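What the coordinates show
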Amino acid sequence: MAEALQSSLNNMLESNDSAKAEKTVPDGVETAISLVNFTGNDIEEPPFKKLRTNAHDRSLSFEDRIRPILSCCICLDLSTLSLFQCPNGHLMCSACFHHLVADCMLKDQESACPNCRCKISRRNCTRNLAVEKIISELPTTCAYCTHTCPRCEIKYHESETCPERPTVCEYSLLGCDWIGPSHCLTSHMTSCEYPKKTGQQLLDTIRIRKQKYDAEKTYLETALDLLLIHEIDANDISLTPMHTDDFSAKLYFETSHFKALECEWKVRVCINDHTSHPHTTSTRWLSYQLVLESNISETIKLKFFISKGPYSNLPALKFQPIISHFEFNENNTETEYIKLPISSLECNQILSSSSMKFRFWIIREISTASL
Ligand SMILES: [Zn+2]
Ligand SMILES: [Zn+2]
Ligand SMILES: [Zn+2]
Ligand SMILES: [Zn+2]
């Protein structure tokens, strides 16, 4: 055991010496390496050891050596997303960072950097734009051909210029479902039978398309009709974390009471349908319910939906509101939980942010015929 420790220490010293002896990395990058190499306690960090050893393996190319240095310290991948860093400079990709902070929030613990154990939060961690830019300049290979170019250019190549990129027939609008590499399109076009079809033969395709457009039009018209209704209320809600009184207390979020359409309401949000240990799951989702807090004597028929509000601290979050309806009466004061149409990553971003803010819309249903 002692021998193993001694030999690993020797290896570390050797790799440090060889790094000093052979200075081939540019100055700016070396600063990045020394920042990433800063650590409070080397002995307890095996994944980090692996990264540093690879980074000093002189038989590898410069790109292959720089890759582990710029990688996320949790998933060890080069991120295509934003990169965050702890106050000591350890890098985490956006997905891992938000998952980690959300995990700790769900466990009611303070989140710590996996490398140096310093406290991390959305407030004290910043993006590292320099490393994001360096990663975008590293070479990568096209998903369809052997072409290699900087990461920041690969999207354009794969979608616009790659001869192997999947392409649809120009008559796909008329129903041709041919998909093939871009360089085969010209030969397909000469043999495609769709331009020769009669109107009668194309009618089914056109009918299906029309149904789809009609459904979208109806959705937009319904949304517009709702906005023209007199009895509509929009509230900017802010949810705070709470715990149930059960034996194993579960975390959920709740607003304070708010007034809409002359009644008092609150909104509750739960994680993964109230499963017992949401921090052990890799996929997360949020659901909400509307709760009537006033006493009523008559049934109230409502339409309601949740949308991103103007005070959300997640500017990139986008989701299409789903309109629900419910009949409230004195015995029925809580709606079912309704799943928010957001991804697991967005869910973690919401959970890891300091506050959960949405805009909540409540519309009184006057009569079913008028909506
Ligand atoms: Zn990661
Ligand atoms: Zn750290
Ligand atoms: Zn290509
Ligand atoms: Zn075709």
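As a reminder, the structure under discussion sits directly above these lines.
Residue numbers here run from 1 along each chain, matching the order of that chain's written sequence. Starting at A for chains and at 1 for ligands, labels are handed out in the order in which the entities are written. Only residues with pLDDT of 70 or above have their local features reported here, since the model is predicted, and side-chain atom pairs are shown and tallied only from 80 upward, although totals for entire chains, interfaces and linings are computed over all residues. Side-chain descriptors were evaluated using all non-hydrogen atoms of the structure, hydrogens and water having been removed beforehand.

**With respect to the overall build of the protein**
Strands are runs of DSSP state E lasting at least 2 residues, helices are runs of H or I lasting at least 4, and numbering of each runs from the N terminus. In terms of regular secondary structure, the protein is built from 10 helices and 16 strands. For the protein, with 371 residues in total, the buried portion stands at 40%. With an accessible surface of roughly 21,800 Å², the protein has 53% of that area assigned to carbon and sulfur atoms. Between buried and exposed lies partly exposed: a residue is buried under 20% and exposed over 50% of the maximum accessible area for its type, with that area taken using a 1.4 Å probe on protein chains only. Only the protein chains shown count as cover for residues, and the accessible areas themselves come from Shrake-Rupley with a 1.4 Å probe.

**Regarding the coordination of the zinc ion (ligand 4)**
Under ideal tetrahedral coordination, the four donors around a metal are separated by 109.5 degrees; under ideal octahedral coordination, the six donors are separated by 90 or 180 degrees. Each metal site is built from N, O and S donor atoms within 2.8 Å (3.2 Å for Na, K and Ca), and since water is not included, such sites may look incomplete. Looking at the metal site, the zinc ion (ligand 4) is ligated by Cys169 (SG), Cys176 (SG), His188 (NE2) and Cys192 (SG), spaced 2.1 to 2.3 Å from it. Only two sets of limits are used to name each site, 85 to 135 degrees for every angle of a tetrahedral four-donor site, and over 155 degrees for opposite donors with all other angles from 65 to 115 for a square planar four-donor or octahedral six-donor site, with any other site named irregular. Here the zinc ion (ligand 4) binds four donor atoms, and the angle range of 101 to 114 degrees at the metal identifies the geometry as tetrahedral. For the zinc ion (ligand 4), the single-chain donor residues occur in sequence as C-x6-C-x11-H-x3-C. Taken individually, Cys169 and Cys176 each receive the classification buried, so the pair is uniform in this respect.

**Here we look at the packing of helix H5 (residues 94–106) against helix H10 (residues 344–352)**
The interhelical angle for the contact between H5 and H10, taken along N-to-C directions, is 55 degrees, at an axis separation of 8 Å. Considering the angle they form, H5 stands oblique to H10. As H5 runs across H10, the sense of the crossing is left-handed. Residues Ser94, Ala95, His98, His99, Val101, Ala102, Met105 and Leu106 of H5 form the contact with H10, whose own contacting residues are Leu345, Asn348, Gln349, Leu351 and Ser352. Fitted lines through C-alpha atoms give the axes, limited to the stretch in contact for helices. The angle between two N-to-C directions lies from 0 to 180 degrees. The scheme is simple: roughly parallel for angles under 35 degrees, roughly antiparallel for over 145, roughly perpendicular for 65 to 115, oblique for anything else. Two helices that cross are described as forming a left-handed crossing if the nearer one is turned anticlockwise from the farther one by less than a right angle, and a right-handed crossing if clockwise. In what follows, a contact means two residues having at least one pair of non-hydrogen atoms within 4.5 Å.

**Some remarks on the side chain of Thr335**
Within the secondary structure layout, Thr335 lies in the loop between strand S14 (324–328) and strand S15 (338–339). Relative accessible area serves as the criterion here: at 4%, Thr335 is assigned to the buried category. N or O atoms closer than or at 3.5 Å make up a polar contact, with two conditions inside protein: a donor-capable atom paired with an acceptor-capable one, and, for residues adjacent in sequence, both atoms drawn from side chains. Polar side-chain contacts of Thr335 include one of 3.0 Å to the backbone nitrogen of Leu290. If sequence neighbours within four positions are ignored, Thr335 has contacts with Gln289, Leu290, Phe304, Phe326 and Phe328.

**Regarding the environment of His257**
As for its placement among the helices and strands, His257 is situated in the loop between strand S9 (251–254) and strand S10 (258–260). Judged by its relative accessible area of 44%, His257 falls in the partly exposed class. Separated by 10 residues in sequence, His257 and Val267 place their C-alpha atoms 8.3 Å apart. If sequence neighbours within four positions are ignored, His257 has contacts with Glu264, Trp265, Lys266 and Glu293. A polar contact of 3.1 Å, which involves the side chain of His257, links it to the side chain of Glu293.

**A word on the coordination of the zinc ion (ligand 1)**
Listed as protein donors to the zinc ion (ligand 1) are Cys72 (SG), Cys75 (SG), Cys93 (SG) and Cys96 (SG); their distances from the metal cover 2.3 Å. Bound by four donor atoms, the zinc ion (ligand 1) shows angles of 100 to 119 degrees at the metal and therefore tetrahedral coordination geometry. Going along the chain, you hit the donors of the zinc ion (ligand 1) in the pattern C-x2-C-x17-C-x2-C. With a gap of 21 residues between them, Cys72 in the loop between helix H4 (62–70) and strand S1 (83–85) and Cys93 in strand S2 (residues 91–93) connect regions that are remote in the sequence. Here Cys72 and Cys93 have matching classes, each one buried.

**Some remarks on the packing of aromatic side chains**
Paired rings are identified among Phe, Tyr and Trp, the last through its six-membered ring, by centres lying within 6.5 Å, and are further divided according to the angle between planes into stacked (under 30 degrees), edge-to-face (over 60) and tilted (the rest). Throughout the structure, instances matching the rule amount to nine aromatic pairs. With a centroid separation of 6.4 Å and an interplanar angle of 55 degrees, the aromatic rings of Phe258 and Phe360 are classed as tilted. Of this pair, Phe258 sits in strand S10 while Phe360 is found in strand S16 (residues 356–364), placing the two residues 102 residues apart along the sequence. Pair check on accessibility: Phe258 and Phe360 agree, each one buried. Arranged with centres 5.1 Å apart and planes meeting at 75 degrees, the rings of Trp265 and Phe328 form a pair that is edge-to-face.

**Focus on helix H6 (residues 129–137)**
Among the residues making up H6, those that are buried are Val131, Glu132, Ile135 and Ser136. Taken down its axis, H6 places every buried residue within 140 degrees of arc, on the same side. Among the exposed residues of H6, those oriented more than 90 degrees off its buried face are Leu129 and Lys133. Where H6 is buried, its residues contact H4, S1, S2, strand S3 (126–127), strand S5 (148–150) and helix H7 (151–161). This arc describes the spread of directions from the helix axis toward the C-beta atoms.

**Some details on the environment of Asn272**
The topology assignment puts Asn272 in the loop between strand S11 (263–271) and strand S12 (286–292). Asn272 sits 11 residues away from Thr283 along the chain, and the two C-alpha atoms are 8.4 Å apart. Those residues in contact with Asn272, other than ones at most four positions away along the chain, are Thr281, Thr283, Arg284 and Trp285.

**Regarding unusual backbone geometry**
Excluding glycine, residues mostly carry a negative phi; peptide bonds, for their part, are mostly trans. Within the chain, Asp108 stands out as a residue other than glycine whose phi angle is a positive 60 degrees. Mapped onto the elements of the fold, Asp108 is located in the loop between H5 and S3. Its identity as a non-glycine residue notwithstanding, Arg117 has a phi of 65 degrees, on the positive side. Structurally, Arg117 is set in the loop between H5 and S3. Residue classification places Arg117 among the exposed residues on the basis of a relative accessible area of 59%.

**What to know about the sheet that holds S1**
Pairing is antiparallel across the open sheet formed by three strands, whose spatial order is S2-S1-S3. Lying at the two open borders of the sheet, with one neighbouring strand each, are S2 and S3. Should DSSP find at least two bridges between two strands, the strands are regarded as paired. When S1 meets S2, the two strands line up antiparallel, connected through three bridges. Counted as the bridge partner of Phe84 is Met92 from S2. H5 contacts S1 and S2 of the sheet and is inclined by roughly 95 degrees relative to S2.

Note that all results are geometric; they support no functional claim without further evidence.
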